[in-house]
Amino acid sequence: MRAEHSLPRHSLPHDSLAELARGEGGPAAVEHILGAERSRRLLLLRILDDATSLGPAWDLLSAAQRRSPSVVDDVLMYPQTGMWLAGTLRRLRAATPSDEPPLWVDIGHVSALAAAAALRAGLDFTIEVPVRHGRVPLPTLGCATVPATGPWTTATVRSESGRAAVETAGATVAVPLPPGSSGPGWHAVRRVTVGPAERELDVVLDDVDPYRTYPQPTEPRPLSDEAAAQWRRVLERAWTVLLREQPATAEAIRRGVFSLSPTPARERFRPRSVTTGDAFGGIEVSEPDDAVQLAVTLVHEFQHTKLGGLLHLTPLVAHGPESGAERWYAPWRDDPRPIRGLLQGIYAFVGITRFWHDHRAGAGAQDAMAHFEFALWRAHVRAAMDQVHGNPLFTPLGSALLDTLRDRCARWLEEPVPEEPFALARMCAADHAARWRAHHLRPAAPAVEETVRAWRDGASAPPASLAAEPDVVPDPSARWLDSLAMLVRHRLGGNDPEKAASHVTGALPGDALLAAGDATAAGHAYLAQLAADPDRAGAWAGLGQALQSTGTHPTAAHLLGHHPERARTVHTAMSRAMTTPPHPLALATWLGSTEPEGA
């Protein structure tokens with residue numbers, strides 16, 4: 001490729017930076033980020049060439065650039081190219097590189113990039129490229145299927161006089177020119193264009209590029225024609241929602257999202273979507289439940305995309321070992337998160353809150369689901385931000401961004417929400433926080449031992465030492481902490497939570513009853529769960545919500561709602577030290593007897 005000896009120095013104009021700090025960012029801001037991303041890709045490609053000497057592939061890319069610079073830019077800026085570049089450089093630097101695929105296959109992918117660029121530029125050439133389990137992906141174009149003599153081999157891509165083919169010892173697969181259509185042995189990448197001509201979204205529905213999944217590559221898995229048609233239909237409807245309700249965001253997405261990598265559908269209300277800063281403009285997304293869910297996902301992941309681009313230009317959290325040491329509560333995760341990960345989540349879920357804020361206005365006052373989602377996510381985002389507000393690890397720009405988002409969330413919190421969805425959202429937010437605490441927080445061992453002795457000695461209250469700040473001890477068994485919210489969504493969607501519970505992974509019997517509005521029965525179910533499995537963190541937290549809803553045992557309800565980790569940890573210690581540990585309600589009431597209201 002042509003050397004660019006002096007890449008431009010990139011910065012964001014004040015107005016674009018201000019937009020991004022508000023959680024927004026229009027096409028102009030996206031264009032500035034794209035310019036920086038292009039320079040970053042070029043630098044990474046140069047580093048890879050210095051480390052491995054890309055040889056014929058580099059020469060072919062250079063020839064394609066001379067013929068058609070825009071084609072090479074398109075291949076270079078393809079999200080999967082960024083993922084490949086960053087991942088391959090990490091493998092080269094790793095002390096213990098992985099075996100799958102072999103490193104030469106990752107490095108050799110540059111030849112597939114060069115072949116794709118040269119085919120699109122109309123060059124004659126011959127080059128060797130990797131074969132992956134019988135498939136030969138050519139980025140932005142498609143994938144050839146050839147007889148496999150092993151999991152990792154090579155093929156020849158040849159173009160001459162307007163005819164192109166992928167050749168192996170056992171087969172020749174013609175590559176249609178100009179690219180775009182499929183043929184025998186050739187699966188073309190599908191481009192999907194939806195929306196009106198002046199506001200259309202044009203993306204690749206990528207099911208074949210091995211670097212389309214994040215953070216690990218996966219081999220090509222072409223969609224059926226029927227599956228691809230369904231994706232197009234739901235994307236069309238989702239884009240209509242965004243154009244109608246969030247036109248400014250839609251305009252930015254048009255410029256900054258280049259590919260969607262489809263994966264199979266998941267459990268209802270639990271889609272999976274992933275982006276990475278290395279693959280700007282790419283979104284890996286499971287088949288959605290409906291168009292609104294896909295619209296939310298596009299907003300969510302584009303927030304990550306914008307913030308990732310901003311972080312490539314300037315840090316928001318100070319560097320150093322201390323910035324990764326602490327772990328924080330992220331209401332959208334099961335696990336404790338470092339502060340950088342928490343900031344990513346805050347930024348993304350501000351976008352989700354904004355979506356539901358606008359969607360409920362368009363959906364009408366009777367849309368309980370939209371009101372619930374808005375109330376839930378504004379509470380979750382505020383809880384996350386309050387933890388780290390004023391944290392000295394943030395750079396001045398990071399602090400300003402967080403302050404701006406926090407002010408916006410404060411305005412959302414003032415907006416009225418109908419009583420039922422508001423109460424359900426408040427319950428689900430409190431339940432998730434309590435389950436997280438029950439799993440991941442641990443009172444100090446000496447305080448727990450002192451508490452056990454105090455109980456056995458008949459003390460009227462636990463020792464003050466138990467109220468000290470607990471330690472964060474990540475619990476790898478913490479999964480599906482959002483089960484109550486999932487069941488509430490089923491209820492608001494017109495389904496019986498008790499019947500739906502069998503389809504909600506991680507749901508407890510008490511969760512279904514609580515979601516259905518029978519808090520008394522839920523309390524009994526949680527107590528039965530604790531009798532069978534006293535260490536079940538979700539049952540301790542759920543019992544607190546059930547008691548809160550019924551208004552019974554207020555002291556125990558307060559303790560379990562705010563500090564379930566104390567009850568769970570102390571009860572576990574008592575089970576080891578005593579023949580018959582106390583009843584959960586009796587223990588929680590005693591533990592909460594000195595807890596000030598609101599603590």
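Refer to the preceding data block for the structure.
So, a few notes on the structure that sits alongside this text. These figures come from a predicted structure and were not determined experimentally.

Where helix H11 (residues 368–388) meets helix H15 (residues 483–492), the closest approach of the two axes is 9 Å, and the angle between their N-to-C directions is 155 degrees. Considering the angle they form, H11 stands roughly antiparallel to H15. Two packed elements cross with a definite hand, and for H11 against H15 that hand is right-handed. Residue-level contacts link Ala368, Met369, Phe372, Glu373, Leu376 and Trp377 of H11 to Val488, Arg489 and Leu492 of H15. Its residues placed into classes, the contact of H11 with H15 shows seven nonpolar, no polar and two charged.

Here the focus is the pairing of strand S12 (residues 282–286). The buried fraction of S12 is high, at five of five residues. Burial of S12 is two-sided: the residues Gly282, Glu284 and Ser286 facing one way and the residues Ile283 and Val285 facing the other way are all buried. The pairing of strand S10 (residues 259–263) with S12 spans five bridges and is classified as parallel. Counted as the bridge partner of Ser259 is Gly282 from S12.

Of all hydrophobic cores here, the largest spans 121 residues; its most connected members are Leu235, Leu242, Trp332 and Ile346. Leaving out residues up to four positions away in the same chain, Trp332 has contacts with Leu342, Gly345, Ile346, Phe349, Trp377, His380, Val381 and Ala384. One finds Leu61, Ala118, Val129 and Val274 within the second-largest nonpolar core, a separate group that totals 50 residues.

On to the environment of Ser68, then. On the secondary structure map, Ser68 appears in the loop between helix H3 (56–67) and helix H4 (69–76). Sequence spacing of Ser68 and Ala121 is 53 residues, and the spatial spacing of their C-alpha atoms is 5.7 Å.

The next subject is the packing of aromatic side chains. A full pass over the atoms with the stated rule returns five aromatic pairs. Among the aromatic side chains, those forming a connected cluster through ring pairs are Trp332, Phe349 and Trp377.

Moving on, we get to the packing of helix H7 (residues 225–245) against helix H10 (residues 339–363). The interhelical angle for the contact between H7 and H10, taken along N-to-C directions, is 85 degrees, at an axis separation of 10 Å. Classified by the angle between their axes, H7 and H10 sit roughly perpendicular to one another. Contacts between H7 and H10 involve Val241, Leu242 and Glu245 from the first element and Phe355, Asp358 and His359 from the second. When the residues that make up the contact of H7 with H10 are grouped by side-chain class, the tally is three nonpolar, one polar and two charged.

It is worth spelling out the state of the cysteines at this point. Two cysteines joined by a covalent bond between their sulfur atoms form a disulfide. One pass over the full model with this rule turns up zero disulfides. Cys409 takes part in no disulfide bond, and the closest cysteine sulfur, belonging to Cys428, lies 17 Å away. Taking relative accessible area as the criterion, Cys409 reaches 0% and is therefore assigned buried.

This structure, assessed with the given rule, holds 34 salt bridges. A salt bridge links Arg337 to Asp335; its shortest N-O distance comes to 3.9 Å. One network of salt bridges, in which partners are shared, links Arg22, Glu24 and Arg408.

What counts and how
Residues numbered from 1 in each chain as written. Predicted model: local features only at pLDDT ≥ 70, side-chain atom pairs only at ≥ 80, totals over all residues. Heavy atoms only, no water. Axes fitted to C-alpha atoms, helices over the stretch in contact; angles between N-to-C directions. Helix = DSSP H or I, 4+ residues; strand = E, 2+ residues; numbered from the N terminus. Parallel < 35°, antiparallel > 145°, perpendicular 65-115°, else oblique. Left-handed = near helix turned anticlockwise from the far one by under 90°. Contact = heavy atoms within 4.5 Å. Nonpolar A, V, L, I, M, F, W, Y, C, P; charged D, E, K, R; others polar. Buried < 20%, exposed > 50% of the residue type's maximum accessible area, 1.4 Å probe, protein only. Pairing = 2+ DSSP bridges. Core = buried A, V, L, I, M, F, W, Y, C linked by side-chain atoms within 4.5 Å. Phe/Tyr/Trp six-rings, centres within 6.5 Å; stacked < 30°, edge-to-face > 60°. Disulfide = S-S within 2.5 Å. Salt bridge = Lys/Arg side-chain N within 4 Å of Asp/Glu carboxyl O.

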